[in-house]
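# Coordinate inspection notes
Single-letter residue listing:
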Amino acid sequence: MATTTTRHTELVGSLVQLMHVLQDLYAETSRPLGLTPQQAHLLCVLLAGPQGMTDLSRIMSIERSSLTSMVDRLERRSLLARNPHPTDRRASQITLTPAGHTLAAKAHTAFTDRVEALTTDLSPRTRETLTAAVTHITAPELS
């Protein structure tokens, strides 16, 4: 019988391996679209709608200066636009352009298709359990 420490080590190891698998998938699916994984992530976040720089920095867990550089590059490629914030004239909201929306949708579909292929053999019950466990870890307020 495994000790508690062994079980925790196995869980941590499995979660770290999963993180690496997902990061690799993000890289593999974003590269053919001419995006870095971080750029693809930013575009996919913006599929939900415009966001301010502070919120984007928090959501993506990156420094604001790094985010600004990334937004600048994607804006030069006409994938993003900076629009005035509706209630704070000092701030702007980052939005997808039509070309950015198209590319973000492609990136999202490519990534989710690959994840779906990895999990296709899981039973419905295992999928539910996995979804509940991941939600509990990543968004405890939803579990």
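Source: prediction; values computed, not measured.

## Side note on the overall build of the protein chain
Counting its regular elements, the protein chain contains six helices and three strands. In the protein chain, the order of α-helices and β-strands from amino to carboxyl end is α-α-β-α-α-β-β-α-α. Seen along its three principal axes, the alpha-carbon backbone of the protein chain occupies a region of about 60 × 30 × 25 Å. Here the protein chain holds 143 residues, and the buried ones make up 27% of them. Restricting to contacts in the protein chain with at least 6 residues of sequence separation, those with at least 24 account for 46%.

## Points about the UniProt feature "domain: HTH marR-type" (unreviewed entry) in the protein chain
Under the UniProt annotation, the feature "domain: HTH marR-type" (unreviewed entry) is placed at residues 8-139. Each end of residues 8-139 is marked by a C-alpha atom, and these two atoms are 20 Å apart; helix forms 69% of the span and strand 9%.

## Quick notes on the packing of aromatic side chains
Scanning the model with the defined rule gives one aromatic pair in all. For the ring pair Tyr26 and Phe111, a centre distance of 4.5 Å and an interplane angle of 35 degrees mean the geometry is tilted. Residue Tyr26 is located in helix H1 (residues 4-30), and its partner Phe111 is located in helix H5 (residues 98-119); the two are separated by 85 residues in the primary sequence.

## Overview of helix H3 (residues 53-60)
Turning to H3, its buried residues are Met53, Leu56, Ser57 and Met60. The buried residues of H3 occupy one face: seen down the axis, they fall within an arc of 100 degrees. Counted as exposed and oriented over 90 degrees from the buried face of H3: Thr54 and Arg58. Contacts made by the buried residues of H3 are with helix H2 (37-46), strand S1 (51-52), helix H4 (64-76) and strand S3 (92-96). Just downstream of H3, Ser61 is the residue with a positive phi angle, here 55 degrees.

## As for the packing of H2 against H4
Direction vectors running N to C along H2 and H4 enclose 80 degrees, while the axes themselves pass 11 Å from each other. By the angle class used here, H2 and H4 are roughly perpendicular. Across the interface between the two elements, Gln38, Gln39, Leu42 and Leu43 of H2 pack against Leu67, Met70, Val71, Arg73 and Leu74 of H4. Here the contact of H2 with H4 is composed, by residue class, of six nonpolar, two polar and one charged.

About the criteria used
- Residues numbered from 1 in each chain as written.
- Predicted model: local features only at pLDDT ≥ 70, side-chain atom pairs only at ≥ 80, totals over all residues.
- Heavy atoms only, no water.
- Helix = DSSP H or I, 4+ residues; strand = E, 2+ residues; numbered from the N terminus.
- Buried < 20%, exposed > 50% of the residue type's maximum accessible area, 1.4 Å probe, protein only.
- Contact = heavy atoms within 4.5 Å.
- UniProt positions renumbered as here; feature names shortened; annotations may be inferred.
- Phe/Tyr/Trp six-rings, centres within 6.5 Å; stacked < 30°, edge-to-face > 60°.
- Arc of directions from axis to C-beta.
- Axes fitted to C-alpha atoms, helices over the stretch in contact; angles between N-to-C directions.
- Parallel < 35°, antiparallel > 145°, perpendicular 65-115°, else oblique.
- Nonpolar A, V, L, I, M, F, W, Y, C, P; charged D, E, K, R; others polar.

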